Amino acid sequence: MAYRTEAKLFQDGDFTSHAGLPLKWKLECDAIHPSEWRTIAKMIMDYQIGPFYKAEGIPRGGVALGDALNEYASGNPKDPILIADDVYTTGTSFREYIDTFHKDKFVYKWCVFARKQTDNEVKALFTMPEPRK
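Residues numbered from 1 in each chain as written. Predicted model: local features only at pLDDT ≥ 70, side-chain atom pairs only at ≥ 80, totals over all residues. Heavy atoms only, no water.

Lay out the sheet that holds strand 4 (residues 81-88) in plain terms, naming residues and giving numbers.
A sheet is described by the order of its strands in space; here four strands give the open sequence 3-4-5-6, paired in parallel fashion. Edge strands, defined here as strands with exactly one partner in the open sheet, are strand 3 (55-57) and strand 6 (122-127). The sheet shows a mean angle of 25° between the axes of neighbouring strands, taken without regard to direction. Here strand 3 runs beside strand 4; their pairing, made up of three bridges, is parallel. Of the residues in strand 4, the one forming a bridge with E56 is I83. Set on the sheet, helix 1 (residues 34-45) makes contact with strand 4, strand 5 (107-114) and strand 6; between it and strand 6 the angle comes to about 120°. Seen against the sheet, helix 3 (residues 92-101) touches strand 3, strand 4, strand 5 and strand 6 and runs at an angle of roughly 150° to strand 4. (Pairing = 2+ DSSP bridges. Helix = DSSP H or I, 4+ residues; strand = E, 2+ residues; numbered from the N terminus. Axes fitted to C-alpha atoms, helices over the stretch in contact; angles between N-to-C directions. Contact = heavy atoms within 4.5 Å.)

As structure tokens, then:
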């Protein structure tokens, strides 16, 4: 699991999203301690509807969450896979990952933070409100 003690969860600055969007701030989830990922996975399981075979984290940000969610995996290959990521900005990471590894399959999709309302059945624990116009 990625974990950097010097990282700050909330960062101010000029950043570029995976989809190439300019961002004025970001959530640096490398600051989340492994024990906190386990707690986040437990929180997700309060809302996860069905069993999943295994969890896969979208590299790089979702790997720690996927690892933590695997504690709850059924191990039954007949169950869907759960795809996890740390932050949802546009959904590009989910679309690219699923198109590459799980095209035309039903998968569960979870993230911790969403910078906007999610689409394509991605569920988020925490969603930012719409920005003021």
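Go over helix 1 with me, naming the residues and quoting the values.
For helix 1, spanning 12 residues, the distance from its first C-alpha to its last is 17 Å, which sits close to the expected 16 Å at 1.5 Å a residue. For helix 1, the full list of buried residues reads W37, I40, A41 and I44. Take helix 1 and look down its axis: the buried residues cluster within an arc of 100°, on one side only. Residues of helix 1 that are buried make contact with helix 2 (63-69), strand 4, strand 5 and strand 6. (Expected span 1.5 Å × (residues − 1). Buried < 20%, exposed > 50% of the residue type's maximum accessible area, 1.4 Å probe, protein only. Arc of directions from axis to C-beta.)

Could you give an account of the nonpolar core, naming the residues involved and the relevant values?
Counting residues in hydrophobic clusters, the biggest one holds 21 residues, and the most contacted among them are W37, I40, I44, L65, L69 and L82. Of all the secondary-structure elements, those providing two or more residues to this core are helix 1, helix 2, strand 4 and strand 5. Other than its neighbours up to four places away in sequence, I44 contacts L65, L69, W110 and L125. Counting 11 residues, the second-largest nonpolar core is a separate cluster that includes I58, I98, V107 and C111. (Core = buried A, V, L, I, M, F, W, Y, C linked by side-chain atoms within 4.5 Å.)

Give a detailed account of the pattern of salt bridges, specifying residues and quantitative values.
All told, the structure shown has three salt bridges when counted by the stated rule. D30 is paired through a salt bridge with R60; the nearest N and O atoms lie 2.8 Å apart. Of this pair, D30 sits in the loop between strand 2 (22-27) and helix 1 while R60 sits in the loop between strand 3 and helix 2, and the two are 30 residues apart along the sequence. A relative accessible area of 53% means that R60 is categorised as exposed. (Salt bridge = Lys/Arg side-chain N within 4 Å of Asp/Glu carboxyl O.)

Run through the pairing of strand 4, naming residues and quoting values.
In terms of burial, strand 4 is a largely internal element, eight of the eight residues being buried. Running through helix 2, the crossover from strand 3 to the neighbouring parallel element strand 4 is left-handed. In terms of strand pairing, strand 4 meets strand 5 through seven bridges, oriented parallel. From the neighbouring strand, I83 faces strand 5, where its bridge partner is K109. (Right-handed = clockwise from strand over helix to strand, strands pointing away.)

If you had to explain the packing of aromatic side chains to someone new, which residues and values would you point to?
Per the stated rule, a full pass over the model turns up four aromatic pairs. Ring geometry for Y88 against F94: centres 6.3 Å apart, planes inclined by 40°, an arrangement best described as tilted. The class of F94 is buried, set by a relative accessible area of 3%. (Phe/Tyr/Trp six-rings, centres within 6.5 Å; stacked < 30°, edge-to-face > 60°.)

Could you give me a rundown of unusual backbone geometry, with the residues and numbers involved?
With an omega of 5°, the peptide bond running from P59 to R60 counts as cis. Look at D104: it is not a glycine, yet its phi comes out positive at around 65°. With respect to the helices and strands, the residue D104 is situated in the loop between helix 3 and strand 5. Residue classification places D104 among the exposed positions, given a relative accessible area of 77%.

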